[in-house]
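A structural walkthrough
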Amino acid sequence: MESSGADKGFFQKAPVLKNQFHDDASFQRCFRLFLSADVVSKAEGEVSSFGQDVISDQIFTWITDSEHNKPYLKGSGRDAFGKWKGELITGEGWRNLQDFGLSKGMVATGYDTPYGAFSRPLQFLRTHLWVGSCANVGCPSAMQDGAACLLRRHLTHPKLSAALSSEEKKVFENAYRRLTSRDPGYAWTSGQWMTERTGGSDVSLTETVATYQPEGAKGFASKQDQIPLGPWSINGFKWFSSATDSEMSVLLARTAAGGLSTFLAPMRKHDPQATTLTGEPKDDGRTLNGVRIQRLKNKFGTQSLPTAELVLEHMRGWKIGQEGRGIHEISTILTLTRVHSAVAAVGGVGRGLGIARAYALVREVGAGNRKRMRLVDSPLHMRTLAKMSAEYHGLMLVTFYTSYILGVSEHALDTKPSSALDVLTPQKKLVEPLLRIMTQLAKAYVCKPSVALLFSCMESLGGVGYLVNEEQEYLNISRIYRDTCVLPIWEGTTDVLCTDLIRAMKHVRGGAESLSALDEVIRKAWEFRGKIGRPTGWKPVEKWEVLRRKIEKTEQADLMGEAREVVWLLGDIITSLLSYVDAGTDGSVVAKEVFTRFVEDKFGVERRVRANTEEELKKDLEIVYGETRG
Ligand code: UCC
Ligand code: FAD
């Protein structure tokens, strides 16, 4: 070998990242399991091209820019004379990624496509491909989605829409149109402000106050649509605001009646008095609507995301729903953002595994006796990647099942779903209660292990995995790892979700329905007769019955200490059944292997005797690369 130097000697051949629509076997299975055959055939071409678009050089250049040119407050938020200016500057890459996501309908797909209940799984499958390339613009999109969903509910529900004044209706309709638009020049993203210094998990000590003062509501949020500023004046302080560049926010504030209410507040307003630094009238005439950005947060990850602390001083807004029912109202947003969080988690892991697979094809390591082998030929490396891929597949099933239940909660199923999906669909009246459970379960059960999985993806590239690979952004697992670490924290920490799930199951009005919904799908999935058998020793229904009895018999307070164990046990039961149904749809050898390994691991099913190394390697390779690897 030539002696080494900066420009001579060995150089690692670069791995080639493939289009994950085709390359990710788990993605392909979820695409076919959670969409109808009709939607698959109509959407497949577009999603395949989208998978290619998100790994273009242009996208990676924007990511590098958005990480490099982080958001900042011009002049640290103050002008030369100390007067507060607070102009938020975001990077060009960030803005381009936002526009790309909006134009590709990352939110709109859930609202304007003709696919009914399947719009949601389709939207979230596309989001999965986008996650590793979006440099966190998926965060404002998630809250945009939640806000759109909340406004749609108020605009379409007969009782709720009847309660709207004509002005409120106009504001909500305009905002909804913008939140679901595919035109980046017109579309709005949204913030979601719940957390204060007093607490994020428990918002009962919220200090922000909203006062009804219609006389102060002069001017417009948007001159173009003549959206008037709201009759409520909001004052207080928000400790975390991620989507600070959004055009509106949905927030919690206390009112004189006591308790928390939910408000929609435009972020900016049209101000004819706004001037440039030289005193000329400002072209767009727009200023912040009673918001002062105190400072931007200095964070471990999500570097491109402008997360800020905000002072609210006479911010004008509109109340959404009944006074004092703020948590109830904002929970519609929580449902959406929690599903987005789970999708972001598996989307990140999907990208990490894609990079790990690509690297294993080109990286050679020592195999003893001075022999070298590619990582793809190493039984140990492949066993590790197979274990990670199998775990990922379970998390994918839980995530996309939840997105399907969300879709079914929003639309009637026009066509009968496949027999596999049919057994996973509860009767209509139990869909909402099931969604109440699945949302918290998916967010808790999926986000937490995804962090560890991404760490393992980093490790599978050795030292290169730990680097910030700006020169080869497509290899940048470390960035995705840092961004994934926030997922078990925001939108409810793992323990908060687990305790909420217990409360939901013990809820006086909805708890029994939640348990019935789980009971129905667990039993129906167990009865599914697909193309694989049920291994001896796998007893999910028995486990569920024991768990259900315990939940019913134990006082809520006494269950709280075990909330995490309850959620993980339930998660394992559901994953095993989803995996069984998935493998049963076509009798896939790989899916069956993944299912069998899961129940051997988690259900005490007797482990099979390992075959010889060659055969085990073959099985692992199929789990990692899919059955059709050439
Ligand atoms: O972190 C944030 C944004 C970051 C960026 C996100 C990007 C998204 C992903 C992007 C991917 C790239 S925003 C802040 C998020 N904060 C949280 O998630 C707060 C966590 N804490 C909780 O979830 C707590 O459980 C609270 C705050 C909801 C608990 O409040 P309360 O006052 O104790 O409320 P209760 O008593 O538990 O619930 C009041 C009512 C009940 O119904 P009724 O009135 O019928 O008895 C509950 O059943 O609200 C209902 N409820 C819900 N309903 C409570 N939670 C939910 C829920 N999740 N779904 C449906
Ligand atoms: P705490 O509530 O103080 O939690 C501390 C610990 O206590 C956690 O481990 C938690 O699990 C545990 N704990 C809390 N309650 C219980 C309980 N009842 N039982 C057992 N354990 C419990 N918020 C917004 O509103 N809008 C945003 O846009 C936003 N963006 C964010 C962006 C980033 C990057 C981050 C990191 C956070 C963001 N947040 C946002 C805030 C986030 O939602 C909160 O940090 C989160 O909800 C936790 O609240 P906290 O920080 O007050 O922690």
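Within every chain, residues take consecutive numbers counted from 1 along the sequence as written. Working convention: letters from A go to chains and numbers from 1 go to ligands, in the order in which they are written. Totals for whole chains, interfaces and linings use every residue, but because this is a predicted model, local features are given only for residues with pLDDT of at least 70 and side-chain atom pairs only at 80 or more, for both listing and counting. Excluding hydrogens and water, the side-chain figures rest on all heavy atoms present in the structure.

**So, the site of ligand 1**
If even one non-hydrogen atom of a residue comes within 4 Å of a molecule or strand, that residue is called near it. In the vicinity of ligand 1 there are 29 residues, among which Ser201, Arg325, Arg338, His507 and Arg509 approach most closely. Measuring from an oxygen atom of ligand 1, one finds a side-chain N or O atom of Arg325 at 3.0 Å. Polar contacts, as used here, are pairs of N or O atoms within 3.5 Å; protein pairs need one atom able to donate a hydrogen and one able to accept it. Residues neighboring in sequence count only if both atoms are side-chain atoms. Arg436 has a polar side-chain atom sitting 3.4 Å from a nitrogen atom of ligand 1. Its free accessible area being 1200 Å², ligand 1 has 80% of it covered by the protein chains. Of all elements in the fold, only helix H8 (138–156), helix H11 (326–362), helix H14 (431–459) and helix H17 (494–506) reach the threshold of two or more residues within the shell around ligand 1. Under the scheme applied, nonpolar residues are Ala, Val, Leu, Ile, Met, Phe, Trp, Tyr, Cys and Pro; charged residues are Asp, Glu, Lys and Arg; polar residues are all the others, including Gly. Considering only residue class, the shell around ligand 1 consists of nine nonpolar, 13 polar and seven charged. Reported accessibility uses the Shrake-Rupley method at a 1.4 Å probe radius. Residues are deemed covered only where the shown protein chains occlude them. Numbering goes from the N terminus for both helices and strands, where a helix is a DSSP run of H or I of at least four residues and a strand is a run of E of at least two.

**Re the pattern of salt bridges**
Pairing between side chains becomes possible if they bear opposite charge and their charged atoms approach one another. Salt bridge, as applied in this entry: a Lys or Arg side-chain nitrogen positioned within 4 Å of an Asp or Glu carboxyl oxygen. All chains considered together, the criterion is met by 40 salt bridges. Its salt-bridge partner being Arg436, residue Asp500 comes within 2.9 Å of it at the nearest N-O pair. On the criterion of sequence distance, the pair formed by Asp500 in helix H17 and Arg436 in helix H14 is long-range, its members being 64 residues apart. With a 1.4 Å probe rolled over the protein chains alone, any residue whose accessible area is under 20% of its type maximum counts as buried; one over 50% counts as exposed, and the rest are partly exposed. Looking at Arg436, the relative accessible area reads 35%, which means it is partly exposed. One salt bridge connects Arg529 with Glu527, and the closest N-O pair in it is separated by 3.9 Å. A cluster of three or more residues bridged by salt bridges with shared partners is formed by Arg383, Glu593, Arg597, Glu600, Arg608, Glu616, Lys619 and Asp620.

**Here we look at the site of ligand 2**
The environment of ligand 2 is made up of 19 residues, and the closest members are Gln192, Thr195, Ser201, Ser242 and Thr493. Within the contact set of ligand 2, an oxygen atom lies 2.5 Å away from a side-chain nitrogen or oxygen of Ser201. Protein coverage of the free-state accessible area of ligand 2, which is 970 Å², stands at 63%. Among the secondary structure elements, those contributing two or more residues to the shell around ligand 2 are strand E3 (190–193), strand E7 (232–241) and H17. Class assignment for the residues of the shell around ligand 2 results in seven nonpolar, nine polar and three charged.

**Brief notes about the packing of aromatic side chains**
Pairing of aromatic side chains here covers Phe, Tyr and the six-membered ring of Trp, requires ring centres within 6.5 Å, and sorts the geometry by plane angle: under 30 degrees stacked, over 60 edge-to-face, intermediate tilted. The final tally for this structure, using the stated rule, is 20 aromatic pairs. Taken together, Trp526, Phe528, Trp538, Tyr580 and Phe595 form an aromatic cluster joined through their ring pairs. Geometrically, a charge over a ring is one whose NZ (Lys) or CZ (Arg) sits within 6 Å of the ring centre while staying within 35 degrees of the ring normal. Stacked on the ring of Phe237, the Lys or Arg Arg197 has its end atom at 4.2 Å from the ring centre. Against the face of Trp526 rests Arg534, its NZ or CZ located 3.9 Å from the ring centre.

**Some words on the packing of H14 against helix H21 (residues 563–586)**
Only the stretch in contact is used when fitting a helix axis, every axis being a line fitted to C-alpha atoms; angles between N-to-C directions are given from 0 to 180 degrees. Close contact between H14 and H21 brings their axes to 10 Å; oriented N to C, the two are set at 95°. One element, H14, and the other, H21, form an angle in the roughly perpendicular class. Here Ile437, Met438, Leu441, Ala444, Tyr445, Lys448 and Pro449 of H14 lie close against H21, whose contacting residues are Arg564, Val567, Trp568, Leu570, Gly571, Asp572, Ile574 and Thr575. Should an angle fall under 35 degrees it is taken as roughly parallel, and over 145 as roughly antiparallel, whereas 65 to 115 is taken as roughly perpendicular and any remaining angle as oblique. For this analysis, residues touch if any pair of their heavy atoms sits within 4.5 Å.

**Examining the side chain of Ser389**
Within the fold, Ser389 resides in helix H12 (residues 379–410). Non-local contacts of Ser389, meaning those with residues more than four positions away in its chain, are made with Leu353, Ile623 and Val624.

**Observations concerning the pairing of strand E13 (residues 308–320)**
Most of E13 is tucked away: 11 of the 13 residues are buried. Criterion used throughout: strands pair if DSSP finds at least two bridges between them. Sheet topology places E7 next to E13; seven bridges connect them, and they run antiparallel. By the bridge assignment for E13, Ile234 is matched with Met315.

**Here we look at unusual backbone geometry**
Its identity as a non-glycine residue notwithstanding, Ala135 has a phi of 45°, on the positive side. Even without being a glycine, Asn136 presents a positive backbone phi close to 80°. Secondary-structure assignment places Asn136 in the loop between helix H7 (119–131) and H8.

**Points about the confidence of the model for the protein**
Known as pLDDT, the predictor's per-residue confidence is scaled from 0 to 100. In this model, the protein carries an average pLDDT of 94, and 97% of its residues clear a pLDDT of 70 or more. Predicted as a complex, the structure gets a pTM of 0.97 and an ipTM equal to 0.99.

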